[in-house]
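Remarks on the overall topology
Take a look at the letters that make up each chain.
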Amino acid sequence: MNQNVQQFKADFFKALAHPMRIRILELLGEGDKSVNELQSILGTEGSAVSQQLAVLRSKNVVQGIKEGTTVTYSLRDPLIKDLLTVAKQIFDNHLVDAISMLEDMRKDS
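The structure reproduced in this document is the subject of the present report. Keep in mind that this is a model prediction, so the values were computed, not measured.

Basis of the calculations
Residues numbered from 1 in each chain as written. Predicted model: local features only at pLDDT ≥ 70, side-chain atom pairs only at ≥ 80, totals over all residues. Heavy atoms only, no water. Helix = DSSP H or I, 4+ residues; strand = E, 2+ residues; numbered from the N terminus. Rg over C-alpha atoms; globule rule 2.2 N^0.38 Å. Contact = heavy atoms within 4.5 Å. Areas by Shrake-Rupley, 256 points an atom, 1.4 Å probe, with all protein chains shown as cover. Lys, Arg positive; Asp, Glu negative; His and termini not counted. Charge placed at Lys NZ, Arg CZ, Asp CG, Glu CD. Core = buried A, V, L, I, M, F, W, Y, C linked by side-chain atoms within 4.5 Å. Buried < 20%, exposed > 50% of the residue type's maximum accessible area, 1.4 Å probe, protein only. Axes fitted to C-alpha atoms, helices over the stretch in contact; angles between N-to-C directions. Left-handed = near helix turned anticlockwise from the far one by under 90°. Nonpolar A, V, L, I, M, F, W, Y, C, P; charged D, E, K, R; others polar. Pairing = 2+ DSSP bridges.

1. Comments concerning the overall build of the protein
On a plain count of helices and strands, the protein comes out with five helices and three strands. The linear arrangement of helices and strands in the protein, starting from the amino end, is α-α-β-α-α-β-β-α. Its C-alpha atoms give the protein a radius of gyration of 18 Å, more than 25% over the compact-globule value 13 Å for 109 residues. Considering only contacts in the protein between residues 6 or more positions apart, those separated by 24 or more positions represent 50%. In the form shown here, the protein has an accessible surface area of approximately 7800 Å², with 54% of it arising from carbon and sulfur atoms. The protein carries 13 positive and 14 negative side-chain charges, and their two centres are separated by 6 Å.

Take a look at the structure:
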């Protein structure tokens, strides 16, 4: 059982392991969007956005609902938005630590 949970977590984080996928999730955290909307905001080709959405879909991170010829994507779980917020806070904490260390090194020079 524990190994299954660890495997799920590893697969989940692999799905997040791309800058464009993170940005897509941030945008979907603001609200549902179509591929065209995401493409426009990201300033990239639709095929690149579609490829990244396919990875996120395959890992059940996002879901798409077809309305006519348009597919609108949303986060499968709203807690993903919280996860990204916490990840940014962790990054900010590491950055603060690095800045403090740099300031200490400069004082010692």
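2. Remarks on the nonpolar core
Formed by 19 residues in total, the largest nonpolar core has its most connected members in I24, L25, L53, V61 and V62. Counting residues per element, the ones that place at least two in this core are α1 (2-16), α2 (19-30), α3 (35-42), α4 (46-58), β3 (70-75) and α5 (79-108). Top element by residues in this core is α2. It accounts for five residues. The contact partners of L25, leaving out residues within four places of it in the chain, are L16, L56, V61, V62, L75, I80 and L84.

3. So, the environment of L56
Mapped onto the elements, L56 comes out in helix α4. Residue classification places L56 among the buried residues on the basis of a relative accessible area of 0%. Sequence-wise, L56 and I22 are 34 residues apart; in three dimensions their C-alpha atoms are separated by 9.9 Å.

4. Structural notes on the packing of α2 against α3
Close contact between α2 and α3 brings their axes to 11 Å; oriented N to C, the two are set at 115°. When you trace α2 past α3, the crossing you get is right-handed. In this structure, α2 uses M20, R23, I24, L27 and L28 to contact α3, whose residues at the interface are L38, I41 and L42. Broken down by class, the residue content of the contact of α2 with α3 amounts to seven nonpolar, no polar and one charged.

5. Considerations on the pairing of β3
Residues in a regular strand project their side chains so that they alternate between the two faces of the sheet. By the bridge criterion, two bridges tie strand β1 (residues 33-34) to β3 in an arrangement that is antiparallel. Residue pairing for β3: K33 is matched across the bridge by Y73. When strand β2 (residues 62-67) meets β3, the two strands line up antiparallel, connected through six bridges. In the sheet register, E67 faces β3, and the bridge partner there is T70. Linking β2 to β3, which pair antiparallel, is a turn of two residues; within it G68 sits at a positive phi near 70°.

Geometry only, nothing functional implied.
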